[in-house]
Each structure stands twice: as structure tokens, then as C-alpha cells.
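What follows is the residue order along each chain.
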Amino acid sequence: MERRRWWIAPSILGIALILALAWGYNEYRTKNELGVALENNYQRLFFDVKKHIENVQVNLSKAMLSNSRDQNVLLLSQIMNEAYFAQDKLSQMPITHAETAATEKFLNQAADYSYHLIQTHLAGKPITNEQMAALANLQQNSSAFNEELAKLQSELADKDFLFSSLNARQNKKIREGNQKIFQTTLVNIEKNMAETPELIYDGPFSDQMLNRKPQGLDNRNVPQEEAQRIARDFFGVNRVKDIDAFEEGKHASEVRIPSYTFNLYPKNASRELPVYMGVSKRGGHVIWMTNPRPINANKISIEEAQRRALRYLEEKGFEDMEPNYYLKYDGGVLFNFVNTEDDVTIYPDLVKVKVALDNGEIVGFDASAYYMNHHDRDIDEPELTLEQARERIKTDFEINSSRLAIIPKGKNEILCYEFKGKYRGADYIVYINASTGHEEEILQLIHNENGTLTF
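Residues numbered from 1 in each chain as written. Predicted model: local features only at pLDDT ≥ 70, side-chain atom pairs only at ≥ 80, totals over all residues. Heavy atoms only, no water.

**Details of the overall build of the protein chain**
Of regular secondary structure, the protein chain possesses 10 helices and 13 strands. Residues counted as buried form 49% of the 455 residues belonging to the protein chain. Looking at the protein chain alone, contacts between residues at least 24 apart form 61% of all its contacts between residues at least 6 apart. Accessible surface, the protein chain as shown: approximately 23600 Å² in total, 50% of it carbon and sulfur. (Helix = DSSP H or I, 4+ residues; strand = E, 2+ residues; numbered from the N terminus. Buried < 20%, exposed > 50% of the residue type's maximum accessible area, 1.4 Å probe, protein only. Contact = heavy atoms within 4.5 Å. Areas by Shrake-Rupley, 256 points an atom, 1.4 Å probe, with all protein chains shown as cover.)

What follows is the structure in C-alpha cells.
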């Protein structure tokens, strides 16, 4: 009997050892699969950025050559969209906002200046020599950007570079070497972008607007330790396993809202897959957050995603926000929410929230526009009635809805009546100044399977 027990004990130990080895191998394989998925995601983002910038350059060249107003409006619309997409993909890369501040400024201005010229065309005004020179400058900068990206792509391929290594805990020399390769090219790109001459025009990303101070922050300076606590609380203390600070780049002073930036490592997630977050140095507000995890097959509806985004904003203290438009891409949907006060829609107070459509998780948050513009407003009573403003619109414009709204106009904000409706089968929004009756803005809504865009 004793002999039998002696035989059973090693057998159990052997089975336990086999199970442990199997579990260890499975963990190793899972980690490798996560690493491959993450690296593939970063590679795709890099190539997407490169492709979007190439499209910006090509369309800028075409716009400079075109003599057709309709063709120019189409090309400038494409430039605007490609620049926005490039900026969004760039923000998901494992690099800090400080390292790409000048590049983000360039992309914003390329989009915003294109929109400004679209309005110029629609107003029937010819493009001036100064505006053409500004387009040429943007084209030259996009060309320089593309050249640097091509060099970076070639160098990274030669050195078997892994984007995920910028965040992975691996051999220090390998990590520092990879950072040096990548950041040397980033510095070159940033240097070229920073040398862009000022663009003077009425737009939210014109230099005179970028250089103004945020209105939604108090003057209290927040130390990094407190900002780190704020970042943990915002993401969820129980969800964070670890957190560390980014090294700030050389162009931190050019960031519109100077912030501390952090890597947050969620529990039950790979170390190679951090969440990035920026907390303002003044006031200690979370300005942006992005979670670049791969998104699986869609399982929830747009309506459910919008409900989750709105609930998320309420939990973060953003009250009286209403959904505006959305754009579906890369397995998620990006919603625009704007502030409302006394039944007036306030478009400058904008917050963006991106929701993953596989499980409804919030994977993106951007309140930079909100904190740049939000302040206590003394909203005047409109001098015109709704009926008087309606008389300023073409009689064959079929109005579906109307309301008061504050819209940005250069450095100013204007109280308008907003009229949504149809004209010759297309959807438009017309803004009539509530004091003067002047037609301030006309936007066309373009609907497709991925959302709604305004031009």
C-alpha cells in the first residue's frame, strides 16, 4: 500500500509540472500574439499617417494649379479631411504631444486654412496672391514632411525597428537606441514644421488664435505628483496597475495647453499597451486621453455608443452637453459634443469622445477646444425675433429645425439663429446673426455610412 502511494505522488507532481509548462507556454504565446497585434497596429497607424500626408501634398499641388472654383472646393475639402485624419492617427502613436506639437499645428492649419478658402470661394471672392503664397508654403511643408517620413520608413526598415519597443520594458540599450532613431527624425520634422511662416486669417487654428491663452483653466499651478493622481482618478484608480511620466519634447512650449503627459498601464492588459493621457499644468484638468488598443469586431450600435459617451461625460463633470455629429472609423466612433446654456448651443465648447464598438469602452477623449474656449458668458437677448431672422433666408429653403447658437468667428463669438433644412435635395445649416440679420455661415451636411461631415 505504501509503495502505491509513493508511485502516485510523483505522478501527480508530473501532471502538475506538465500543466504548469502548458500554462506558461500559453501565457508566452498570448503575450507574443498581443505584441504582434500591437506592433501591427502601430505600423498601420504610421503608414496611414504617411498616406494622409501624401494626399495632402498632392491635393495642395492640384489646388494651386486648378482654375475652377468647383474643383478647388472639392480639393480643399479633401485636404481638410486628410489633414484631420493624419492628426488623429498621429495622436495614437506611442509618442508625446510635446514631441509633435509643431506637426500637429501644421496639420490643423492645413485643414483650417483649406476650410477658410472654401468659404472664400463660396462667397464668390477670388483667391489673392497672398493666399496662393500661403498654399504654396503649406505644399512645401507637406513635401518636406513626406520626405522625412520616407527617410524614417527606410531607416526603420533597415534597423528592424519595432514601434512597440518605445514603451516596452526590454533591454535598456535596445529601447534607447530605438528612441534615438525615431526621435532624431521627429526632431527634423518638427524643425521644418516650426519654421512655417505665420498664417493670418479668420480661423480657429490661425496663429493669432493659437497664441491666445486658454479661457477654461484657473491660474493654480499643479505639481506633477498631483497631476499623476488626477490621471489615475480619471481613468479609474482600480483599473490602473502602474503609471509613469513621459519625457517632454523640445517643443512643449508650443503645445496650446501645456500639460503633463503619462503612460497608464491598465490591469489585465499587456505592459506594451499603455493608455496615454495629458493633464494641464494649470488647473489640473485632463485635456486628452487615447487608448490605442486594437478594436475587435463591432458588437454595439452607434446609438448605444452615443449613450455611453454621454454617460462618460456626465461622470467626468461635463454637464449639459449635447451630441452633434459623429464619424465612424477604425472600429470606433468619434462623437462631437457641445455645451448648452439657457437653451443656447455653444459650439466653441467642444468635447470629442471616441467609443470602441466591440465593447463600448471609451478609447479617446479630447477636451482641448472646451478648455481653450469655455468661460462664464453673459448671453445677450437677440435683437431679432426668430421670424425676422427666418425672413433673411431664401424662400425655397425647407427649414426642419431652428434654435439659437453661439458660433466662433475669428477671435469673436457670435450669437446666431441656426436653421437646419433642405435645399434642392441637399442638407444645409444656415446661421443668421441674431443682432444684425447678417448671414454669417452656411454649412452643407454630407451623410454617408460612416457619419456626417460639414463643409
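**Overview of unusual backbone geometry**
One non-glycine residue with positive phi stands out, namely Asp 342, at about 50 degrees. Structurally, Asp 342 can be placed in the loop between strand 6 (332-341) and strand 7 (344-356). Judged by its relative accessible area of 66%, Asp 342 falls in the exposed class. Of note in this structure, Asp 343 is not a glycine but carries a positive phi near 65 degrees. Its place among the elements puts Asp 343 in the loop between strand 6 and strand 7. By relative accessible area, which is 76% here, Asp 343 ends up exposed.

**What about helix 8 (residues 302-315)?**
Between its first and last C-alpha, helix 8 extends 20 Å over 14 residues, near the 20 Å set by a 1.5 Å rise per residue. Residues of helix 8 that are buried include every one of Ile 302, Ala 305, Ala 309, Tyr 312 and Leu 313, and no others. One face of helix 8 carries all of its buried residues, which in axial projection span an arc of 95 degrees. Relative to its buried face, helix 8 has exposed residues pointing more than 90 degrees away, namely Glu 303 and Glu 315. On its buried face, helix 8 is in contact with helix 7 (224-235), strand 4 (286-290), strand 5 (321-329), strand 6, strand 7 and strand 8 (362-366). With its phi angle positive at about 95 degrees, Gly 317 sits one or two positions after the end of helix 8. (Expected span 1.5 Å × (residues − 1). Arc of directions from axis to C-beta.)

**So, the environment of Asn 238**
Relative to the assigned elements, Asn 238 resides in the loop between helix 7 and strand 1 (240-245). Judged by its relative accessible area of 66%, Asn 238 is exposed. Along the primary structure Asn 238 and Lys 267 are separated by 29 residues, whereas in three dimensions their C-alpha atoms are 8.2 Å apart.

**Description of the pairing of strand 6**
In summary, the side chains of a regular strand alternate between the two faces of the sheet. Across the 10 residues of strand 6, seven count as buried, placing the element largely inside the fold. Relative to strand 6, strand 5 runs antiparallel, the two being bridged by seven bridges. Of the residues in strand 6, the one forming a bridge with Met 321 is Asn 339. As consecutive antiparallel partners, strand 5 and strand 6 are separated by two residues, and within that stretch Asp 330 has a phi angle of approximately 50 degrees, a positive value. Sheet analysis places strand 6 next to strand 7, joined by 10 bridges and oriented antiparallel. Note that in strand 7 the partner of Val 333 across the bridge is Val 355. Connecting strand 6 to the antiparallel partner strand 7 that follows it, the hairpin turn spans two residues, and Asp 342 within it adopts a positive phi of roughly 50 degrees. (Pairing = 2+ DSSP bridges.)

**Notes on the environment of Met 132**
Relative to the helices and strands, Met 132 is located in helix 4 (residues 129-158). Judged by relative accessible area, Met 132 falls into the partly exposed class, the value being 28%. Measuring from C-alpha to C-alpha, the distance between Met 132 and Leu 117 comes to 10.0 Å, with 15 residues separating the pair along the chain. Beyond its immediate sequence surroundings of up to four residues, Met 132 is in contact with Met 64 and Ile 127.

**Focus: the pairing of strand 10 (residues 412-423)**
As paired strands, strand 9 (residues 398-409) and strand 10 are joined by 11 bridges and run antiparallel to one another. Looking at the pairing, Glu 398 lines up with Lys 422 of strand 10. By the bridge criterion, eight bridges tie strand 10 to strand 11 (residues 426-433) in an arrangement that is antiparallel. Counted as the bridge partner of Glu 418 is Tyr 431 from strand 11.

**Let's talk about the packing of aromatic side chains**
Following the criterion strictly, the structure yields 12 aromatic pairs and no others. Residues Tyr 347 and Tyr 431 carry aromatic rings whose centres are separated by 6.3 Å and whose planes lie at 90 degrees to one another, so their mutual orientation is edge-to-face. Highlighted residues: Tyr 347 in strand 7 and Tyr 431 in strand 11, separated in sequence by 84 residues. Residue Tyr 347 is classed as buried on the basis of its relative accessible area, which comes to 15%. Through pairs of rings, three or more aromatic residues link up here, namely Phe 234, Tyr 312, Phe 318, Phe 365, Tyr 370 and Tyr 371. (Phe/Tyr/Trp six-rings, centres within 6.5 Å; stacked < 30°, edge-to-face > 60°.)

**Quick notes on the nonpolar core**
Grouped together as the largest cluster of nonpolar side chains are 43 residues, with contacts concentrated most on Phe 318, Val 351, Val 353, Val 355 and Phe 365. Beyond its immediate chain neighbours, meaning those up to four positions away, Val 351 contacts Leu 313, Phe 318, Met 321, Phe 335, Asn 336, Phe 337, Phe 365, Asp 366, Ala 367 and Tyr 370. Of all hydrophobic cores here, the second largest spans 37 residues; its members include Val 73, Leu 107, Ala 111 and Tyr 325. (Core = buried A, V, L, I, M, F, W, Y, C linked by side-chain atoms within 4.5 Å.)

**Thoughts on the side chain of Lys 354**
The residue Lys 354 is located in strand 7 in this model. On the basis of relative accessible area, Lys 354 is assigned to the buried category, the value being 8%. Those residues in contact with Lys 354 that lie beyond four places of it in its chain are Gln 92, Tyr 329, Asp 330, Gly 332, Val 333, Leu 334, Glu 361, Ile 362, Val 363 and Gly 364.

**A word on the side chain of Ser 77**
Its location among the elements puts Ser 77 in helix 2 (residues 69-91). A distance of 2.7 Å separates a polar atom in the side chain of Ser 77 from the backbone oxygen of Val 73. (Polar contact = N/O pair within 3.5 Å; in protein donor to acceptor, adjacent residues only side chain to side chain.)

**Some words on a negative patch on the surface**
On the surface, Glu 314, Glu 315, Glu 319 and Asp 320 cluster together to form a negatively charged patch. Its location among the elements puts Glu 319 in the loop between helix 8 and strand 5. (Patch = residues over 30% accessible without salt bridge, like charges linked within 9 Å, V, L, I, M, F, W, Y side chains within 5 Å. Salt bridge = Lys/Arg side-chain N within 4 Å of Asp/Glu carboxyl O. Lys, Arg positive; Asp, Glu negative; His and termini not counted. Charge placed at Lys NZ, Arg CZ, Asp CG, Glu CD.)

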